[in-house]
Amino acid sequence: TGLDITDIKINSFYNDIFEKQGKHYLTIYVFSRVKGEQSPKLIEPEKCDGWQWFDVIDGFKQNLFFSYAKAVKLSDIESYIDI
């Protein structure tokens with residue numbers, strides 16, 4: 001994304017195996033703060049369709065990747081953000 005970040009905090013690690021799909025994901029999630037006003041850049045367009053900002057609480061009501069939804073549900077994100 002090219003973002004300059006600070007206050008990095010490890011959130012969780014997940015080892016998800018999807019046998020039917022033949023997929024295995026090892027996922028590490030971190031929380032951080034963006035320094036100042038920045039916008040994410042699409043640096044690897046062949047790997048990612050794009051980036052966007054969304055409200056940290058309302059955005060979690062969307063259809064999320066399985067391990068991300070699990071990380072949000074089990075995290076203390078509300079204590080980390082400025083609500």
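So, here is what we can say about the structure in this document. (Residues numbered from 1 in each chain as written. Predicted model: local features only at pLDDT ≥ 70, side-chain atom pairs only at ≥ 80, totals over all residues. Heavy atoms only, no water.)

Topic: the overall build of the protein chain
Okay, so step 1: Counting secondary structure elements, the protein chain contains 2 helices and 2 strands.
Okay, so step 2: N-terminal to C-terminal, the α/β element order of the protein chain is β-β-α-α.
Okay, so step 3: Burial statistics for the protein chain: of 83 residues in total, 18% are counted as buried.
Okay, so step 4: When contacts within the protein chain are restricted to residue pairs at least 6 apart in sequence, long-range pairs at least 24 apart make up 57% of them. (Helix = DSSP H or I, 4+ residues; strand = E, 2+ residues; numbered from the N terminus. Buried < 20%, exposed > 50% of the residue type's maximum accessible area, 1.4 Å probe, protein only. Contact = heavy atoms within 4.5 Å.)

A few points about the environment of G36
Okay, so step 1: Position of G36 among the secondary structure elements: in the loop between β2 (23-34) and α1 (66-74).
Okay, so step 2: Sequence-wise, G36 and L3 are 33 residues apart; in three dimensions their C-alpha atoms are separated by 9.9 Å.

Side note on a nonpolar patch on the surface
Okay, so step 1: Taken together, I5, I8, I10, F13, I28 and V30 make up a surface patch of nonpolar side chains, about 590 Å² in accessible area.
Okay, so step 2: For the nonpolar patch, the secondary-structure elements that each account for two or more residues are β1 (5-18) and β2.
Okay, so step 3: Structurally, F13 can be placed in strand β1.
Okay, so step 4: Here F13 falls in the exposed class, since its relative accessible area comes to 53%. (Patch = residues over 30% accessible without salt bridge, like charges linked within 9 Å, V, L, I, M, F, W, Y side chains within 5 Å. Areas by Shrake-Rupley, 256 points an atom, 1.4 Å probe, with all protein chains shown as cover. Salt bridge = Lys/Arg side-chain N within 4 Å of Asp/Glu carboxyl O.)

Description of the pairing of β1
Okay, so step 1: In terms of strand pairing, β1 meets β2 through 11 bridges, oriented antiparallel. Residue pairing for β2: D16 is matched across the bridge by Y25.
Okay, so step 2: Hairpin geometry of β1 and β2 is characterised by an intervening segment of 4 residues between the two adjacent antiparallel strands and by a positive phi of about 65° at G22. (Pairing = 2+ DSSP bridges.)

Overview of the pattern of salt bridges
Any two side chains of opposite charge can pair, so long as their charged atoms come close to each other.
Okay, so step 1: For the structure on display, the rule yields 3 salt bridges.
Okay, so step 2: Of the charged contacts, one joins D4 and K35 as a salt bridge, the two residues approaching to 3.8 Å between their closest N and O atoms. On the criterion of sequence distance, the pair formed by D4 in the segment before β1 and K35 in the loop between β2 and α1 is long-range, its members being 31 residues apart.
Okay, so step 3: Between R33 and D7 there is a salt bridge; the shortest N-O distance is 3.5 Å. One end of the pair, R33, is in strand β2; the other, D7, is in strand β1, with 26 residues separating them in the sequence.
Okay, so step 4: When its relative accessible area of 43% is taken as the criterion, D7 is described as partly exposed.

Without other data, these values stay purely geometric and don't point to any function.
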